[in-house]
Amino acid sequence: MDEFWLILYKGIASLIVLFLFTKLMGRKQVSQLNMFDYVIGITIGSIASEMTMAKNISFLEGTTGIAIYALAAFLISEVTMKSIAARRLIVGTPCMLIENGKILEKSLQKTKIDINDLLQEARNNGYFDISQIEFALMEANGKMSFMPKSKYAPLTPNDMKVKVSETKICTNLVIDGKVMQEHLNYIKKSEKWLRTRLEKQGYETIENLLLVTCDNKEQLSIFEKNIEKKEGKPFE
């Protein structure tokens, strides 16, 4: 039983340590990983696992090991931000896979992917006919980017000479039945304004609303919770 509590303690402690060091290394570690970030990530995970389960590794030793790799990742990140040469050496550079509509076999061999992998990625990006692609790049993090040929590119308002209003991010005014007062302040509106607008659209309670957003034209998008309607607190 003592062993169980020890593993539980070390497991919780390792999670806390991992969280703190991940915050230090930045969001890059949990978003788009390049080869170096990937190696660092799996190594730190392995150390955390060993620290939790192995009896011969103390909490201090495990934390020190994680700290060394986390610090290395942090320092490398700082160096690559300031040096293009270091960035190319450590992070890598994009590799052209399709150029002017032609598949580059040498690039496929260099990146260790076959034609089926390329076709799959193209389909994942909406291109079921690879002849529609003008350029394809494999980014340093292993993801692929595609540029269609001009005649297959979607039309934009600019292409059609159509004037459109400026797009802004919608503001979340209600989340999980709770009014986001800070967001209301941001768009310079009051809670009374929100309640009045909702009431006019037939919503008498806020607690039954999952999400309410407001666009730059003050139009509300309202999403109800997927629950049976019940009596709620009235607005007024």
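A brief structural summary. (Residues numbered from 1 in each chain as written. Predicted model: local features only at pLDDT ≥ 70, side-chain atom pairs only at ≥ 80, totals over all residues. Heavy atoms only, no water.)

For the rest of this paragraph, the subject is the sheet that holds strand β5 (residues 171-175). Here we have 4 strands laid out as an open sheet, ordered β6-β5-β7-β8, and antiparallel in their pairing. Of all the strands in the sheet, just β6 (178-179) and β8 (220-224) have a single pairing partner and so form its edges. Strand direction decides the pairing type here: β5 and β6, joined by 2 bridges, are antiparallel. Residue pairing in the sheet places isoleucine 175 in a bridge with lysine 178 of β6. Those strands touched by helix α8 (residues 191-200) are β5, β6, β7 (209-214) and β8, and its axis lies near 70 degrees from that of β8. (Pairing = 2+ DSSP bridges. Helix = DSSP H or I, 4+ residues; strand = E, 2+ residues; numbered from the N terminus. Contact = heavy atoms within 4.5 Å. Axes fitted to C-alpha atoms, helices over the stretch in contact; angles between N-to-C directions.)

This next bit is on a nonpolar patch on the surface. Taken together, the side chains of Leu8, Ile12, Ile16 and Leu20 make up a nonpolar region of the molecular surface, amounting to roughly 360 Å² of accessible area. With respect to the secondary-structure elements, isoleucine 12 resides in helix α1 (residues 2-25). (Patch = residues over 30% accessible without salt bridge, like charges linked within 9 Å, V, L, I, M, F, W, Y side chains within 5 Å. Areas by Shrake-Rupley, 256 points an atom, 1.4 Å probe, with all protein chains shown as cover. Salt bridge = Lys/Arg side-chain N within 4 Å of Asp/Glu carboxyl O.)

With that out of the way, let us pick up the pattern of salt bridges. Between side chains of opposite charge, a pair can form as their charged atoms come close. What the rule picks out here adds up to 2 salt bridges. The residue glutamate 218 makes a salt bridge to lysine 189 at a minimum N-O spacing of 3.1 Å. Residue glutamate 218 is located in the loop between β7 and β8, and its partner lysine 189 is located in the loop between α7 (181-186) and α8; the two are separated by 29 residues in the primary sequence. For glutamate 218, a relative accessible area of 33% puts it in the partly exposed group. Its salt-bridge partner being arginine 195, residue glutamate 191 comes within 2.4 Å of it at the nearest N-O pair. Here glutamate 191 pairs with arginine 195, and both are found in helix α8, just 4 residues apart, close to one helical turn. Using a relative accessible area of 27% as the deciding quantity, one classes glutamate 191 as partly exposed. (Buried < 20%, exposed > 50% of the residue type's maximum accessible area, 1.4 Å probe, protein only.)

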